[in-house]
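Chain and residue survey
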Amino acid sequence: MSLPAEVKILSTEEYLRWEASQPGKHEYVTGEVFAMGGASRRHVTVSGNLLAALDDALSGSSCRVYMADMKIEVVTKNRFFYPDVFVTCHPDDHREELVMHHPVLVAEVLSPSTAAYDRGDKFIAYRSLPSLKEYLLIDPDQQQVELFRKGSDGLWVLHDFAPGETVQLASVETAISWGRLYRNVD
């Protein structure tokens with residue numbers, strides 16, 4: 001019987017140094033590193049549609065939208081994630097090159113292999129970010145949109161959007177039509 005491979009635990013500094021030299025992306029969870037797989041055409045299309053809609057809506061504001069290659073650090077949970085799309089309005093984030101800390105909106109486009117993690121442990125970690133107001137989950141295959149919004153009481157409330165409805169994003173005071181979100185997704 002063979003023994004399992006030893007997993008090297010990295011500090012955050014070691015991870016950031018190592019990650020900068022890698023050809024692919026890796027998320028960091030309490031010292032362990034996990035490779036991120038490629039995305040489907042639908043996934044990339046929905047991510048791009050959301051980025052474009054948010055970029056248009058935020059023009060002239062103090063908020064900026066980022067996608068895929070920009071990390072968010074969740075310090076209290078000792079994690080680094082690469083969200084599909086996120087918005088930050090914090091001036092400190094606007095000066096960062098690799099890692100942001102103050103998102104108001106995080107969006108994950110679901111895939112069969114990541115949906116449970118995005119809804120579970122990843123959402124638990126994101127909820128510890130004081131700046132986060134909304135967490136958007138988009139399923140490009142099922143054409144389902146779920147938005148979790150943090151209320152004034154600190155509780156997260158689920159808002160489901162049915163096909164054809166407009167997705168209302170209070171964190172960035174904008175609405176995105178279903179058609180714009182799912183444009184060119186068949």
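Here the structure is shown first, and the text comes after it.
Values in this document were obtained by computation on a predicted structure and should not be read as measured data.

A few points about unusual backbone geometry
- Its identity is not glycine, yet Ala 68 carries a phi of approximately 35°, on the positive side.
- Its place among the elements puts Ala 68 in the loop between strand 3 (64-67) and strand 4 (71-74).
- In this model, Asn 78 sits at a positive phi of 55°, which is unusual for a non-glycine residue.
- Mapped onto the elements of the fold, Asn 78 is located in the loop between strand 4 and strand 5 (79-81).
- Taking the relative accessible area as the measure of exposure, Asn 78 reaches 30% and is therefore partly exposed.

Overview of the side chain of Arg 79
- Mapped onto the fold, Arg 79 is located in strand 5.
- For Arg 79, which is buried and forms no salt bridge, the nearest opposite charge comes from Asp 121, at a distance of 5.5 Å.
- In this structure the side chain of Arg 79 is engaged in a polar contact, spanning 3.3 Å, whose partner is the backbone oxygen of Lys 77.

A short note on the sheet that holds strand 5
- Overall, mixed pairing links the five strands, which are arranged 2-1-5-4-7 in an open sheet. Pairing within the sheet leaves two strands with one partner each, and these edge strands are strand 2 (32-35) and strand 7 (99-100).
- Bridge analysis of strand 1 (residues 26-29) against strand 2 gives four bridges, and the strand direction is antiparallel. Its bridge partner lying in strand 2, Val 29 is registered against Glu 32.
- Contacting strand 1, strand 2, strand 4, strand 5 and strand 7, helix 1 (residues 12-20) runs over the sheet at an angle of about 175° to strand 1.

Things to note about the pattern of salt bridges
- For the coordinates displayed, the defined rule picks out 10 salt bridges.
- The residue Lys 122 makes a salt bridge to Glu 27 at a minimum N-O spacing of 3.4 Å. Separated by 95 residues along the polypeptide, Lys 122 in helix 5 (residues 121-126) and Glu 27 in strand 1 bring together distant segments of the chain. The pair formed by Lys 122 and Glu 27 is uniform in burial state, with each residue classed as buried.
- Note that Glu 108 is salt-bridged to Lys 122, the shortest N-O span being 3.4 Å. One end of the pair, Glu 108, is in strand 8 (residues 103-109); the other, Lys 122, is in helix 5, with 14 residues separating them in the sequence.
- For Lys 122, a relative accessible area of 4% translates into the label buried.
- Shared partners join several salt bridges into a network, and the residues in it are Glu 27, Glu 108, Asp 118 and Lys 122.

About the cut-offs
Residues numbered from 1 in each chain as written. Predicted model: local features only at pLDDT ≥ 70, side-chain atom pairs only at ≥ 80, totals over all residues. Heavy atoms only, no water. Helix = DSSP H or I, 4+ residues; strand = E, 2+ residues; numbered from the N terminus. Buried < 20%, exposed > 50% of the residue type's maximum accessible area, 1.4 Å probe, protein only. Lys, Arg positive; Asp, Glu negative; His and termini not counted. Salt bridge = Lys/Arg side-chain N within 4 Å of Asp/Glu carboxyl O. Polar contact = N/O pair within 3.5 Å; in protein donor to acceptor, adjacent residues only side chain to side chain. Pairing = 2+ DSSP bridges. Contact = heavy atoms within 4.5 Å. Axes fitted to C-alpha atoms, helices over the stretch in contact; angles between N-to-C directions.

Geometric values such as these leave the question of function open.
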